[in-house]
Amino acid sequence: MPLNKAVAQTVRELRQNKGISQEKLADAIDSHQVYISEIENGKKTPSLEVIYKTAKFFNISLSDFAALIEKNMK
C-alpha cells in the first residue's frame, strides 16, 4: 500500500475507533474538516506538524503512530 493510503487508513481508523467526527478531529488539531477528509481519502499527505498534533490528540507517541502507518503499508 502506498504511504499516503496507509496514512489515510491510519487516521481514519484512529478517528473511527474513538467514535469522533472529522469535524471534531479538525477542531482539535486546528485544521478543517475538508482537509481531514482529503487526508482520509489519500488526496493530501499531512505535514509533520499535523501528524504530531493528530498523534497527540489520540494520546499516542509519534513512534506508535508511525508503527501503525507501517502496519497499514503491508
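Residues numbered from 1 in each chain as written. Predicted model: local features only at pLDDT ≥ 70, side-chain atom pairs only at ≥ 80, totals over all residues. Heavy atoms only, no water.

A.B. asks: How should I be thinking about the overall build of the protein chain in this particular structure?
C.D. replies: Scanning the protein chain for helices and strands turns up five helices and zero strands. In the protein chain, the succession of α and β elements from N to C terminus is α-α-α-α-α. Based on the C-alpha atoms only, the size of the protein chain along its principal axes is roughly 30 × 25 × 25 Å. Once local pairs closer than 6 in sequence are excluded, the contacts in the protein chain between residues at least 24 apart make up 57%. Of the accessible surface of the protein chain, which amounts to about 4,600 Å², a share of 50% is contributed by carbon and sulfur atoms. The protein chain carries 11 positive and 9 negative side-chain charges, and their two centres are separated by 4 Å. (Helix = DSSP H or I, 4+ residues; strand = E, 2+ residues; numbered from the N terminus. Contact = heavy atoms within 4.5 Å. Areas by Shrake-Rupley, 256 points an atom, 1.4 Å probe, with all protein chains shown as cover. Lys, Arg positive; Asp, Glu negative; His and termini not counted. Charge placed at Lys NZ, Arg CZ, Asp CG, Glu CD.)

A.B. asks: Please clarify how the packing of aromatic side chains should be interpreted in this entry.
C.D. replies: How two aromatic rings sit relative to each other is set out by the distance from centre to centre and by the angle between their planes. The full count for this structure, using the stated rule, is one aromatic pair. Ring geometry for Phe57 versus Phe58: centroids 5.0 Å apart, planes at 80°, classification edge-to-face. Classification of Phe58 as buried rests on a relative accessible area of 5%. (Phe/Tyr/Trp six-rings, centres within 6.5 Å; stacked < 30°, edge-to-face > 60°. Buried < 20%, exposed > 50% of the residue type's maximum accessible area, 1.4 Å probe, protein only.)

A.B. asks: Which parts of the structure should I look at to understand the packing of helix α1 (residues 3-18) against helix α5 (residues 62-73)?
C.D. replies: When two helices pack together, their arrangement is given by the angle between their axes and by how far apart the axes lie. At a minimum axis distance of 8 Å, the contact between α1 and α5 shows a crossing angle of 120°. Here α1 lies oblique to α5, going by the angle between them. Note on packing geometry: the crossing formed by α1 with α5 is right-handed. Where α1 abuts α5, its residues Leu3, Ala6, Val7, Gln9, Thr10, Val11, Glu13 and Leu14 lie against Phe65, Leu68, Ile69, Asn72 and Met73. Split into classes, the residues belonging to the contact of α1 with α5 amount to nine nonpolar, three polar and one charged. (Axes fitted to C-alpha atoms, helices over the stretch in contact; angles between N-to-C directions. Parallel < 35°, antiparallel > 145°, perpendicular 65-115°, else oblique. Left-handed = near helix turned anticlockwise from the far one by under 90°. Nonpolar A, V, L, I, M, F, W, Y, C, P; charged D, E, K, R; others polar.)

A.B. asks: What should I look at first to understand the nonpolar core in this one?
C.D. replies: Side chains of a nonpolar character, in soluble globular proteins, are inclined to be buried together. Counting 16 residues, the largest nonpolar core has Val11, Leu25 and Phe65 as its most contacted members. Elements with a contribution of two residues or more to this core: α1, α2 (22-28), α3 (33-40), α4 (48-57) and α5. Here this core takes four residues from α1, the largest share from any one element. Not counting residues within four places of it along the chain, the set of residues in contact with Val11 comprises Leu25, Ile39, Glu40 and Phe65. (Core = buried A, V, L, I, M, F, W, Y, C linked by side-chain atoms within 4.5 Å.)

A.B. asks: Hey, could you run me through the side chain of Gln22 in this one?
C.D. replies: Within the secondary structure, Gln22 sits in helix α2. With residues up to four places along the chain from it excluded, the contact list for Gln22 reads Arg15, Gln33, Ile36, Ser37 and Glu40.

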